[in-house]
Amino acid sequence: MTKDQAGRIIGASFGLVFIQAGAGSLPAAIAVPLRVLALAAFLRVAVLGRRGRTAGAPASTAPAPAVPGAGTGFGRRYWYVVAAEVLGLVAGLLVIARVLHLPQAAVGWIALVVGVHFSGLAVAWRRPALHGLGAAIAACGGVGLALAALGAPAVAIRVAAGILPGVLLLASVWRPGRTDPAAPTAEVRSGTPA
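Visitor: What is the right way to read helix H3 (residues 76-100) from this model?
Guide: What sets the pattern is the α-helix's 3.6 residues per turn: residues three or four places apart point alike. Spanning 25 residues, H3 covers 35 Å between terminal C-alpha atoms, matching the ideal 36 Å at 1.5 Å per step. Within H3 the residues assigned to the buried category are Tyr78, Val81, Val82, Glu85, Leu89, Gly92 and Ile96. Next to the buried residues of H3 lie helix H4 (106-124) and helix H5 (129-149). Just beyond H3, the residue with positive phi is His101, at close to 55°.

Visitor: Whenever I open this one, unusual backbone geometry confuses me. Can you help?
Guide: Backbone geometry follows two general trends: most residues other than glycine have a negative phi, and most peptide bonds adopt the trans configuration. Even without being glycine, His101 reaches a positive phi, approximately 55°. Taking the relative accessible area as the measure of exposure, His101 reaches 56% and is therefore exposed.

Visitor: Looking at this structure, I do not really get the pattern of salt bridges. What am I missing?
Guide: Pairing between side chains of opposite charge can happen when the charged atoms of each approach one another. Under the counting rule described, the total for this entry stands at 2 salt bridges. Arg8 is the partner of Asp4 in a salt bridge, and the nearest nitrogen-oxygen pair spans 3.0 Å. Remark: Arg8 and Asp4 occur in helix H1 (residues 3-22); sequence separation between them is 4 residues, near one turn of the helix. Exposure class is identical for Asp4 and Arg8. Each is buried. Measuring nitrogen to oxygen at the nearest pair gives 3.1 Å for the salt bridge that ties Arg127 to Asp4. Linking Arg127 in the loop between H4 and H5 with Asp4 in helix H1, this pair joins segments that are 123 residues apart in sequence. On the basis of relative accessibility, which here comes to 14%, the residue Arg127 falls in the buried class. Accessibility expressed as a relative area gives 13% for Asp4, which makes it buried. Here the residues in one salt-bridge network are Asp4, Arg8 and Arg127, joined through shared partners.

Analysis parameters
- Residues numbered from 1 in each chain as written.
- Predicted model: local features only at pLDDT ≥ 70, side-chain atom pairs only at ≥ 80, totals over all residues.
- Heavy atoms only, no water.
- Helix = DSSP H or I, 4+ residues; strand = E, 2+ residues; numbered from the N terminus.
- Expected span 1.5 Å × (residues − 1).
- Buried < 20%, exposed > 50% of the residue type's maximum accessible area, 1.4 Å probe, protein only.
- Contact = heavy atoms within 4.5 Å.
- Salt bridge = Lys/Arg side-chain N within 4 Å of Asp/Glu carboxyl O.

Encoded structure:
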């Protein structure tokens, strides 16, 4: 499996989680179809991602570059970004829960940090298109935080900072194949043939 395929499946997974969690505050008549659509979108990305390249996509015959210390093939800079994301999530969620006492703001903080994380990935992977996705998700998180600070209903916060980022993530990975010509095609060493 290529790094791009693995990244798409990871992005789709997080998109699915955002939508599934956010839909819990919606009426069942909206939540159930939304959850089913999100699951179907995830499955489409996962199935196409596991199949390998699609018809018409060029095959890469170059061997995967070795990255010291990176067992998954994502590279050291990726893991630095993930570590910063985890630290930011934990620190912010502690402040939200223990200092601000605004638990409804947690989803906004998570979306904000995930959005910033994509900007870090854009730099680490030299994929400028990820800056746009990161900015959009971070903006959703910022809106969620503002709504929580203003005492808005939970449904408004979860739609802005949960469902919308989930839709953005699923939409960003919907099209199979590599869309950024400058993106590397390193293989992920997952033990499963592509």
